[in-house]
Amino acid sequence: MSRPSSDSAALLAAREHRQQWPLPAAPWLMAQSWHNLLFAHWPLPIEVLRPLIPDSLTIDTFKGEAWLGVVPFHMSGVRLRGLPPLPLTSAFPELNVRTYVSHNDKPGVWFFSLDADHYPAVMAARLFFRLPYFKARMQVQVMGDTVHYDSRRTHPGSASGEFRGLYRPVSDVFHSLPGTLEYWLTERYYLYTADSREQVYRAAVHHHPWPLQLAEAEIETETTAASHGLHLPDTPPLLHYAHHLDVLAWLIERV
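The present account deals with the structure reproduced in this document.

Cut-offs applied
Residues numbered from 1 in each chain as written. Predicted model: local features only at pLDDT ≥ 70, side-chain atom pairs only at ≥ 80, totals over all residues. Heavy atoms only, no water. Helix = DSSP H or I, 4+ residues; strand = E, 2+ residues; numbered from the N terminus. Rg over C-alpha atoms; globule rule 2.2 N^0.38 Å. Buried < 20%, exposed > 50% of the residue type's maximum accessible area, 1.4 Å probe, protein only. Contact = heavy atoms within 4.5 Å. Pairing = 2+ DSSP bridges. 1 Å grid on protein atoms, 1.4 Å probe; cavity = no way out; pocket = protein on both sides within 12 Å on 5 of 7 lines; lining within 4 Å. Points joined across faces, edges and corners; volume = space filled by probe spheres on them. Nonpolar A, V, L, I, M, F, W, Y, C, P; charged D, E, K, R; others polar. Salt bridge = Lys/Arg side-chain N within 4 Å of Asp/Glu carboxyl O. Phe/Tyr/Trp six-rings, centres within 6.5 Å; stacked < 30°, edge-to-face > 60°. Lys NZ or Arg CZ within 6 Å of the ring centre and 35° of its normal.

Let's shift gears to the overall build of the chain. Each helix and strand counted, the chain has four helices and 13 strands in total. Its C-alpha atoms give the chain a radius of gyration of 17 Å, near enough to 18 Å, the size a compact globule of 255 residues would have. In terms of its C-alpha atoms, the chain occupies a principal-axis envelope of roughly 45 × 45 × 40 Å. Taken over 255 residues, the chain has a buried fraction of 53%. Sequence-distant contacts in the chain: of pairs separated by 6 or more residues, those separated by 24 or more amount to 69%.

Take a look at the structure:
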């Protein structure tokens, strides 16, 4: 079921938390809702990430460390502006591998890959947003407060990547404060991508501040990071959970 347009207007009006990063003047392009997210983060040396990211982007660090995130979730209500969500095409799981970059003091997210169990969405995101989406076979089951997540990449010609595990929140909801690692990792309102010639593009997103909870996880298999030659340290990840977030996204632009 689509949400009324007044919900989008109310979301656009809530912008006090992003005064440093004004909303684009152009109208938003796409709306979607994200559910049952796990943020699993590991510190990595910046020199490991540098060869994989265009030179024109600065790799952000927190107290001298770069961070890599593996983020499984599922989305619903995916729709273009002015249109309702289409049956059978507006809800699907997604898992991304990401790090954090900036350009001209606009901090954002760099995606190494985004796996999704929806082939039309994968192809549309590759075409219109130039994002490295890959088709995957995915199953998500929510049992009480525990999310069981299983993903296996099936995209033709791609490196294999799997994620299998379960996770749950273990604290009350909180909003991160500026200056904290949680804020630095999550409160980012741009995404960056590049084409084969390393021309960089940026897209703006907008949402309320993240309603975070501390989390615990039992990760049985995680090879999506390794599919990019990124080997996670043998240390427990930093884990956060978010139950629900409504999001607006704008068309990409060259930077």
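Of all 15 residues in strand β3 (residues 66-80), 11 are buried; the element is thus mostly enclosed. Here 10 bridges tie strand β1 (residues 30-44) to β3, and the two strands are oriented antiparallel to one another. Bridge pairing in β3 links Ser33 to Ser76.

Further remarks concern the layout of surface pockets. Roughly 900 Å³ of internal volume is contained in the largest pocket. Considering the residues around the largest pocket, the lining is formed by 40 residues, among which Met30, Gln32, Val78, Phe129 and Tyr133 are closest to the centre. At the level of secondary structure, the elements contributing two or more residues to the lining of the largest pocket comprise β1, β3, β4 (92-103), β5 (106-116), α3 (119-128), β9 (190-194) and β12 (238-249). Per element, the largest residue contribution to the lining of the largest pocket is five residues, and it comes from β3. When grouped by side-chain class, the residues that make up the lining of the largest pocket number 30 nonpolar, six polar and four charged.

Glancing now at the pattern of salt bridges. Following the criterion strictly, the structure yields seven salt bridges and no others. For the salt bridge of Asp60 with Arg188, the shortest nitrogen-to-oxygen distance reads 2.9 Å. Linking Asp60 in the loop between β2 (58-59) and β3 with Arg188 in the loop between α4 (181-186) and β9, this pair joins segments that are 128 residues apart in sequence. Exposure remark for Asp60: the relative accessible area of 12% places this residue in the buried category. Arg188 gets classed as buried once you look at its relative accessible area, which sits at 5%. The shortest N-O distance in the salt bridge between Asp117 and Lys135 comes to 3.0 Å.

Two aromatic rings, taken as a pair, are described by how far apart their centres are and by the angle between their planes. All told, the structure shown has eight aromatic pairs when counted by the stated rule. Seen from their ring centres, Tyr149 and Phe163 are 6.1 Å apart, and the 80° between their planes marks the pair as edge-to-face. One end of the pair, Tyr149, is in strand β7 (residues 146-153); the other, Phe163, is in strand β8 (residues 162-169), and 14 residues separate them in sequence. Residue Tyr149 is classed as buried on the basis of its relative accessible area, which comes to 1%. An aromatic cluster is present here, built from Trp34, Phe39, Phe73 and Trp210 joined pairwise through their rings. Here the basic side chain of Arg153 rests over the ring of Phe134, its NZ or CZ set 4.9 Å away from the ring centre. The residue whose ring lies beneath Arg202 is Tyr190, and the NZ or CZ to ring-centre distance is 5.7 Å.

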